Amino acid sequence: MSEFETKKEVIDFVLKKSKEFDFNEFACDLLVSVTKQLRFYDNKISISKIWNSDKLQLFASTVDYRIYGTDILDVTPIKIEEALKELKSKLDISPPNPFYEGLAPYTQIDYGNLNAFFDEKVEDLGDYAGDKVMGAINSALEAGANKSAGLLQFDSNQYFVANSHGLNNSFKQSNYQFTIRSFVDGESTGQGVAAGRDISSIENKLVKAGDQAGRLAKLSQNATMGKGGQYDLVLSPTVAANIFGGIIGAANPISEIFGFSPFKDKVGEQLAPDWMTVTNNSRHPEGPISTPFDFEGHKTGQTNIIENGIFKRIVHSYSTSKKFGGEPTGSTFLFDIGGAKMVGPSTSNVFIDGGNNSLDELLDKTSDRPTLYITSNWYTRFANYVETEFSSVPRDAILSVENGELTKPVKKIRISDNILGMMKRIVGGTKETELIWWWEVEMPVSSPAIRVEDVRITTAGK
Amino acid sequence: MDGKDIAEMAVLRAQELQCSYAEARYIKSRNTTIAMTSGNVAGIGSSDSYGLGVRIIHSGGLSFFSLNNFNKDLLEKNLRQAIRLAQSSNRKDNPIEFVPVKGVEDSWKVDYKKSFADISNEEKLTRLQEIDKLSQQPWEAELVSRNIFYSDLVENKYLVTSDGSKITSELQRLYFTWNFRSLHKESGHEESRYSSFTRTQGWEVMEEEATVQAYLQDIDRTTKATARSKLIDFDSNVDFIISGEIQGIISHENCGHPHEADRILGREGAEAGESYIQEHILGESMIASEELTIIDDPTIPNSGGYYKYDDEGVPARKRELIKNGLLNELLHNRETAKIYGIEESNAAARVSEYNREPIIRMANTGFAPGSYSSDEIFEDVKKGIYLESFSEWNIDDRRYQCLYKGIVARLIENGTLTDTYIRRPTLELTTTALLKSVDAVTKDGFVAEGATCGKGNPMQGAPVWTFGNSFARLRSVPVRF
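1. Notes on the overall build of chain B
Here's step 1: Scanning chain B for helices and strands turns up 10 helices and 24 strands.
Here's step 2: Here the C-alpha atoms of chain B give a radius of gyration of 24 Å, agreeing with the 23 Å that 2.2 N^0.38 yields for 481 residues.
Here's step 3: When its C-alpha atoms are laid out on the principal axes, chain B stretches across 70 × 55 × 35 Å.
Here's step 4: Here chain B, with 481 residues, has 58% of them falling under the buried criterion.

Written out as structure tokens, the structure reads:
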């Protein structure tokens with residue numbers, strides 16, 4: 001047999017062949033993707049990239065829960081058969097996995113529109129993406145920047161998912177992300193980001209991001225050295241997504257098993273103010289990683305992780321829900337743990353609900369401490385993931401707040417605190433939220449701006 | 001059509017289509033991974049990757065595409081699309097150009113004794129279980145979680161460029177990584193440790209006692225620090241003696257990254273940022289003390305960052321980034337070398353996978369040997385801190401304001417290293433203050449820490465070493481807790 005005519009034939013062939021190996025359980029997915037990216041710096045496009053990829057992942061388990069996973073990129077009948085043979089032989093010598101208890105039984109479910117998370121306009125975006133990027137760069141220049149760097153990336157994906165319990169379905173998915181960082185000089189910078197799926201609104205979003213980056217770069221000129229001490233911070237959605245959205249990724253049993261989660265034994269505990277609800281929504285229309293169903297065939301949906309400030313639950317696959325209690329949350333993936341494959345749950349699109357304030361109200365709260373508005377950050381690192389003692393480096397515009405007004409820019413400070421502690425000291429959030437998905441927020445997070453009181457700021461000096 | 005054929009066809013066809021430069025890289029790799037937590041195997045698997053990455057310059061614009069379906073029509077379609085994208089970059093008046101390199105036909109292979117391909121998963125697993133079992137002994141603080149992540153790589157690569165280079169390579173690489181949390185129940189103090197052991201070599205490394213000892217010694221010293229450490233006040237600035245691990249990470253973060261020419265030019269500005277080196281003059285600015293020379297060297301056999309040619313076909317060589325305190329050399333690829341007006345690149349262009357563009361990367365970065373013995377360097381420290389290992393660290397995006405938080409740290413009194421452990425002393429200062437405070441480096445005591453350096457978008461993880469002589473002395477620097 002030579003090449004396949006269609007990708008559907010691949011998955012049908014894999015399923016048919018897998019039966020010859022008499023796996024107790026078998027599952028696979030095929031991702032057919034085209035990704036394009038334009039990178040720019042110094043107001044010019046520096047490189048254009050196109051990735052074409054077919055990736056077939058195979059997973060099998062035995063009655064006593066030995067598991068093995070493999071993937072191949074060379075999706076031809078010969079290679080598929082070789083991979084299945086290897087799967088069988090490696091499976092037999094793998095030890096039973098104490099954290100695995102099988103794939104979900106399959107029941108036919110109406111997933112709704114299977115291509116609801118695909119905007120077909122993404123396929124033509126490459127023809128005019130350069131113009132859209134230049135529009136954003138010009139917007140930043142008009143707002144006061146001298147130069148900008150960044151990227152526009154867009155994905156067109158088709159997934160085929162099947163298993164030995166009867167699941168055999170496919171869907172399309174698309175998304176984009178855009179980052180622009182503008183410079184007036186080396187230390188006067190501002191950032192704008194945009195992400196989502198709807199291509200019809202991309203031009204406006206890119207121009208808005210460019211304008212924001214340019215304005216913030218201009219505002220950050222002539223910054224003075226920050227001083228260490230206790231501050232109230234107003235974190236922009238970009239920063240709140242990194243700090244508070246980031247740790248939600250550990251709200252799963254696998255992170256708990258590996259000792260990476262601060263949420264172990266926290267169910268029922270008040271972690272944040274009453275207004276704060278944080279959900280994982282793997283079905284949100286604009287969620288870049290939304291899918292109609294997960295790797296086990298569960299219909300995707302929303303899981304309330306923190307509800308009115310109280311930690312409610314972690315995400316679960318069928319297997320982890322059996323093992324540790326709870327219900328599957330429609331968020332099962334075949335993913336890597338330190339590179340090794342396991343079927344398990346993971347968050348995808350995280351949504352921090354909006355609060356009750358406008359940004360002006362958030363800036364205008366009375367405090368004995370000085371207040372700073374932080375627009376972006378990077379390099380968040382932990383002394384201990386469980387205790388959440390961490391530090392992170394604010395960058396781009398950092399602005400003093402006086403009498404509710406943004407005033408002088410400051411520079412060269414570090415947030416050195418504890419995330420769980422900071423969550424308890426949240427005193428407000430904006431009603432408006434923004435979807436953040438960029439280099440430092442790898443998992444998409446929709447977040448309001450958030451005010452936190454009494455945060456420790458340190459500095460490295462001049 | 002095999003990988004080499006399609007790589008050659010890609011370059012030939014690109015030249016026919018008037019590309020001023022073309023390179024194609026065919027990479028086939030196999031990766032086996034095992035994840036263990038608290039003695040249990042949580043995940044085990046393998047990954048077969050193969051594909052073609054092509055980069056072209058046309059009309060002054062640069063484009064990259066990758067394929068893993070070696071179909072002639074698909075290649076043609078992507079090549080034409082890449083040319084259109086390069087044209088739409090509008091760079092005719094400001095074209096991207098590369099410095100020339102002499103085309104070379106060569107084949108190189110990493111020196112190893114036992115290929116990972118010849119070792120069964122069962123054997124790999126058995127060895128990991130043996131190592132894990134050795135960690136099951138009474139330590140001064142309890143290991144409340146322990147994880148081992150094992151990964152091996154066998155990679156075959158064929159690079160062909162329009163300069164006439166045809167370079168075939170084969171390498172084997174080991175990543176042995178561990179993470180654990182230690183808890184001292186009486187005090188409630190806890191530390192979290194993450195470390196890695198990387199070699200561009202074969203399975204024999206996992207059989208060596210030194211590999212096991214690296215893991216066990218790390219547990220031993222960390223659990224001691226967890227159990228014994230206490231807060232100690234220092235009224236003023238103190239002298240630090242820093243270990244190979246600490247000077248290695250400083251060399252990487254405070255010197256290697258800011259010396260990347262693409263960062264200095266702004267190409268990474270949106271993500272990893274630019275560089276404080278923009279404010280300095282190559283060959284003129286003293287950016288460190290005269291005692292300090294920092295090198296980056298990809299030619300160390302079997303090191304984490306070893307290679308013979310970079311991914312633009314340039315022969316690898318050692319780079320002296322800081323020489324006796326002077327800003328001496330940047331890390332270049334062929335594009336930045338052209339912009340800086342230098343004759344040749346110093347071979348820092350690397351890719352992490354077939355589907356990534358070559359970008360400037362470090363290889364093995366560390367302090368060059370100094371003139372002090374290990375004893376001499378402690379001798380005149382009246383009251384100071386020996387900083388041996390770290391946990392949390394970060395640095396601003398101009399690579400100037402850094403932080404390193406200690407785990408294992410001990411008090412030095414009157415030139416003697418004491419058994420008093422200090423809880424989480426933190427170096428938080430500027431790169432200039434840090435590098436200018438170095439007044440002594442030892443002449444012996446080589447230490448190498450494996451790490452995966454992240455850069456680029458999409459992220460490219462590059463294997464590196466942070467390495468060098470074991471001790472360096474920082475005079476009178478601030479400490480915070």
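Structure's up, so let's keep going.
2. Some points on the overall build of chain A
Here's step 1: On a plain count of helices and strands, chain A comes out with nine helices and 20 strands.
Here's step 2: In terms of C-alpha radius of gyration, chain A reaches 24 Å, essentially the compact-globule figure of 23 Å for 462 residues.
Here's step 3: Dimensions of chain A, computed from the C-alpha atoms along their principal axes, are close to 70 × 50 × 40 Å.
Here's step 4: For chain A, the proportion of its 462 residues judged to be buried stands at 60%.
Here's step 5: Across chain A, contacts joining residues at least 24 apart in sequence account for 74% of those joining residues at least 6 apart.

3. A closer look at unusual backbone geometry
Here's step 1: Residue P458 of chain B follows N457 of chain B across a cis peptide bond; omega there is 5°.
Here's step 2: With respect to the helices and strands, the residue P458 of chain B is situated in the loop between β22 (446–455) and β23 (460–469).

4. Some points on the sheet that holds strand β16 (residues 390–395) of chain B
Residue and element names in this part refer to chain B.
Here's step 1: Taken together, three strands build an open sheet; the order of strands is β16-β17-β20 and the sheet is antiparallel. On the outer flanks of this sheet lie β16 and β20 (426–430), each paired with one strand and no other. Across this sheet, the average inter-strand angle for adjacent strands is 10°, counted without regard to direction.
Here's step 2: Note: strand β17 (residues 401–406) against β20, five bridges, orientation antiparallel. Across the sheet, the residue bridging to Q401 is T430, located in β20.

5. Topic: the environment of L206 of chain A
Residues and elements named next belong to chain A.
Here's step 1: Relative to the assigned elements, L206 resides in helix α4 (residues 202–219).
Here's step 2: According to the C-beta neighbour criterion, L206 is buried, with 25 such atoms within 10 Å.
Here's step 3: With residues up to four places along the chain from it excluded, the contact list for L206 reads K132, G135, A136, F178 and A194.

6. Regarding the interface of chain A and chain B
Here's step 1: Contacts between the two partners involve 66 residues from chain A and, on the opposite side, 74 residues from chain B.
Here's step 2: If you list the elements that add at least two residues to the side of chain A that touches chain B, you get β2 (44–61), β3 (67–72), α2 (77–93), β4 (147–163), β5 (168–185), β13 (340–345), β15 (371–384) and β16 (389–402) of chain A.
Here's step 3: If you tally residues by element for the side of chain A that touches chain B, the top one is β2 of chain A, at 11 residues.
Here's step 4: Here the residues of the side of chain A that touches chain B sort into 31 nonpolar, 19 polar and 16 charged.
Here's step 5: Across four bridges, β3 of chain A lies against strand β2 (residues 40–58) of chain B in parallel orientation. When the bridges of β2 of chain B are listed, I72 of chain A appears paired with D48 of chain B.

7. With respect to the domain arrangement of chain B
All names here are of chain B.
Here's step 1: Examined at the domain level, chain B breaks down into domain 1 (3–228) and domain 2 (238–477).
Here's step 2: Tallying the contact residues gives 40 residues for domain 1 and 34 residues for domain 2.
Here's step 3: Those elements that place two or more of their residues in the side of domain 1 that touches domain 2 are β1 (21–37), β2, β3 (61–67), β5 (142–161), β6 (166–184), β7 (189–199) and α5 (209–228).
Here's step 4: Examining the composition of the side of domain 1 that touches domain 2, we find that seven residues originate from one element, β7, more than from any other.
Here's step 5: Partitioning the side of domain 1 that touches domain 2 into residue classes produces 15 nonpolar, 12 polar and 13 charged.

8. Considering the packing of helix α3 (residues 125–142) of chain A against α4 of chain A
Residues and elements named next belong to chain A.
Here's step 1: Two numbers describe how α3 lies on α4: the axes approach to 7 Å, and their chain directions differ by 30°. For the element pair α3 / α4, the angle class is roughly parallel. The two elements α3 and α4 meet at a crossing, and its hand is right-handed. Each of K132, G135, A136, I137, S139, A140, L141 and E142 in α3 lies in contact with α4, whose residues at this interface are I202, E203, L206, V207, A209, G210, D211, A213 and G214.
Here's step 2: Here the residues of the contact of α3 with α4 are counted per class, giving nine nonpolar, four polar and four charged.

9. Some thoughts on the confidence of the model for chain B
Here's step 1: Confidence along chain B averages 96 in pLDDT terms, with 100% of residues attaining 70 or more.
Here's step 2: Of the two predicted TM-score estimates for the complex, the pTM is 0.97 and the ipTM is 0.96.

10. Re the packing of helix α1 (residues 3–16) of chain B against helix α2 (residues 72–88) of chain B
All names here are of chain B.
Here's step 1: Running from amino to carboxyl end, α1 crosses α2 at an angle of 40°, the nearest separation of the two axes being 11 Å. Comparing their axes, α2 and α1 come out oblique. Along this stretch, α1 crosses α2, giving a crossing that reads as right-handed. Touching I6, M9, A10, R13 and A14 of α1 are L75, E76 and L79, all from α2.
Here's step 2: Looking at the contact of α1 with α2, its residues break down into six nonpolar, no polar and two charged.

11. Focus on the domain arrangement of chain A
Residue and element names in this part refer to chain A.
Here's step 1: Domain boundaries assigned for chain A yield domain 1 (7–214) and domain 2 (223–462).
Here's step 2: Taken together, the contacts link 36 residues of domain 1 with 35 residues of domain 2.
Here's step 3: Of all the elements in the fold, those that place two or more residues in the side of domain 1 that touches domain 2 are β1 (25–41), β2, β3, β5 and β6 (188–196).
Here's step 4: Taken together, the residues of the side of domain 1 that touches domain 2 sort by class into 18 nonpolar, 13 polar and five charged.

12. Description of the pairing of β15 of chain A
All names here are of chain A.
Here's step 1: With 12 of its 14 residues buried, β15 lies for the most part within the structure.
Here's step 2: By the bridge criterion, 10 bridges tie β15 to β16 in an arrangement that is antiparallel. Across the sheet, the residue bridging to R381 is S391, located in β16.
Here's step 3: Adjacent in sequence and paired antiparallel, β15 and β16 are bridged by four residues, among which T388 carries a positive phi angle near 60°.

13. Here's the deal with helix α5 (residues 237–248) of chain A
Here's step 1: Most of α5 of chain A sits out of view: 12 of its 12 residues are buried.
Here's step 2: All of the buried residues in α5 of chain A are P237, T238, V239, A240, A241, N242, I243, F244, G245, G246, I247 and I248 of chain A.

14. Description of the pairing of strand β8 (residues 238–242) of chain B
Residues and elements named next belong to chain B.
Here's step 1: β8 sits mainly inside the fold: five of its five residues count as buried.
Here's step 2: Side chains V238, F240 and I242 project from β8 onto one buried face, and the interleaved D239 and I241 project onto a second face that is buried too.
Here's step 3: Bridging between β8 and strand β15 (residues 383–387) involves four bridges; their strand directions are parallel. Paired with D239 across the two strands is G384, which belongs to β15.

15. Concerning the nonpolar core
Nonpolar side chains in soluble globular proteins tend to end up buried together.
Here's step 1: The biggest cluster of nonpolar side chains holds 160 residues, and the ones touching the most others in it are C28, F178, L235, A240, L372 and I436 of chain A.
Here's step 2: In contact with F178 of chain A, not counting residues within four places along its chain, are G150, L152, V193, A194, A195, L206 and A209 of chain A.
Here's step 3: Of all hydrophobic cores here, the second largest spans 119 residues; its members include I47 of chain A together with I294, L429 and F471 of chain B.

16. Focus on the sheet that holds strand β11 (residues 326–327) of chain B
All names here are of chain B.
Here's step 1: Taken in spatial order, the six strands line up as β11-β10-β9-β14-β23-β22 in an open sheet, and their pairing is mixed. The sheet is open, and its two borders are formed by β11 and β22, each paired with just one other strand.
Here's step 2: With three bridges connecting them, strand β9 (residues 294–296) and strand β10 (residues 319–323) associate as antiparallel partners. Across the sheet, residue I294 finds its bridge partner in β10, namely I322.

Procedures and definitions
Residues numbered from 1 in each chain as written. Chains lettered and ligands numbered in written order. Predicted model: local features only at pLDDT ≥ 70, side-chain atom pairs only at ≥ 80, totals over all residues. Helix = DSSP H or I, 4+ residues; strand = E, 2+ residues; numbered from the N terminus. Rg over C-alpha atoms; globule rule 2.2 N^0.38 Å. Buried ≥ 20, exposed ≤ 12 C-beta atoms within 10 Å, placed from the backbone. Contact = placed C-beta atoms within 7 Å. Pairing = 2+ DSSP bridges. Axes fitted to C-alpha atoms, helices over the stretch in contact; angles between N-to-C directions. Nonpolar A, V, L, I, M, F, W, Y, C, P; charged D, E, K, R; others polar. Domains from an automatic or database assignment. Parallel < 35°, antiparallel > 145°, perpendicular 65-115°, else oblique. Left-handed = near helix turned anticlockwise from the far one by under 90°. pLDDT = per-residue confidence, 0-100. Core = buried A, V, L, I, M, F, W, Y, C linked by C-beta atoms within 7 Å.

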